[in-house]
Amino acid sequence: MDLQLDDFRLTFEENKKTVRKLSDMKDFYADQRMATRTLQLYDPTIYAVYAHESEGPGNLSYAVTVINPGDIGGEYYMTKGHFHTKPTAELYLGLEGEGILLLQDRKGKAKKLPLQPGKISYVPKDHAHRAINTGDSQLKFLAIYSSDSGHDYSTIKEKGFEERVKKK
Ligand code: M6P
Ligand code: ZN
């Protein structure tokens, strides 16, 4: 299915805004020396999440994430990445910019999907997911997820993703 849509304006009322700066996620980057050096100079905003969150089972939450262009020691700006605490899936829709959606199952098997305008990607349950901005402009995408999915960041923080996406 291929749908040609006219330019449109996406609007919704967020009830939660999260801004992640380098200082919030220093440990997620491979090049710790470069992360430390960067933080001595400034604390760049890596991404912001504008979410409309609902509560409880049976409901949906959704969010637009905006990842700035940039890298730390060649590793592109990216989201922290997480598993869901409950086995629930998630849907991604690329809006602007170019990037990669990195998936990883519980056994550590990774998969890279393109994140680009108009592209819908499905994150199966029990798969960690991280978005990476590989372009030179902002990467924007919409994510829709179960309201009770929950974010487990600790597994990724401890073990990391098998794959890192770096500048060539
Ligand atoms: C998407 C969704 C959100 C998530 C956000 C940023 O919008 O998956 O649930 O919060 O990306 O990703 P992270 O929470 O891993 O930093
Ligand atoms: Zn998620």
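One can find the structure itself at the top, above this paragraph.
This section reports on the structure supplied with the text.

Conventions used here
- Residues numbered from 1 in each chain as written.
- Chains lettered and ligands numbered in written order.
- Predicted model: local features only at pLDDT ≥ 70, side-chain atom pairs only at ≥ 80, totals over all residues.
- Heavy atoms only, no water.
- Donors = N, O, S within 2.8 Å, 3.2 Å for Na, K, Ca; no water.
- Tetrahedral: all angles 85-135°; square planar, octahedral: opposite > 155°, others 65-115°.
- Helix = DSSP H or I, 4+ residues; strand = E, 2+ residues; numbered from the N terminus.
- Phe/Tyr/Trp six-rings, centres within 6.5 Å; stacked < 30°, edge-to-face > 60°.
- Buried < 20%, exposed > 50% of the residue type's maximum accessible area, 1.4 Å probe, protein only.
- Lys NZ or Arg CZ within 6 Å of the ring centre and 35° of its normal.

As a further point, take the coordination of the zinc ion (ligand 2). For the zinc ion (ligand 2), the full set of protein donor atoms is H82 (NE2), H84 (NE2), E90 (OE) and H129 (NE2), and the range of their distances to it is 2.0 to 2.1 Å. Here the zinc ion (ligand 2) is ringed by 4 donor atoms whose angles at the metal span 86 to 159 degrees, and the overall shape comes out irregular. Sequence spacing among the residues donating to the zinc ion (ligand 2) works out to H-x1-H-x5-E-x38-H. Here H84 is found in strand β6 (residues 83–84), whereas its partner H129 is found in strand β11 (residues 127–133), with 45 residues between them in sequence.

Right, let's get into the packing of aromatic side chains. Here the structure, examined in full by the defined rule, presents 2 aromatic pairs. Taken together, a centroid distance of 4.9 Å and an interplanar angle of 20 degrees make the contact between Y92 and F141 stacked. One end of the pair, Y92, is in strand β7 (residues 90–96); the other, F141, is in strand β12 (residues 139–146), and 49 residues separate them in sequence. For the pair formed by Y92 and F141, the shared burial category is buried. For R20, the ring lying beneath its charged end belongs to Y153, and the centroid distance is 5.5 Å. Above the face of the F83 ring, R106 is positioned so that its terminal group lies 3.9 Å from the ring centre.

Geometric descriptors of this kind do not, in isolation, establish any biological role.
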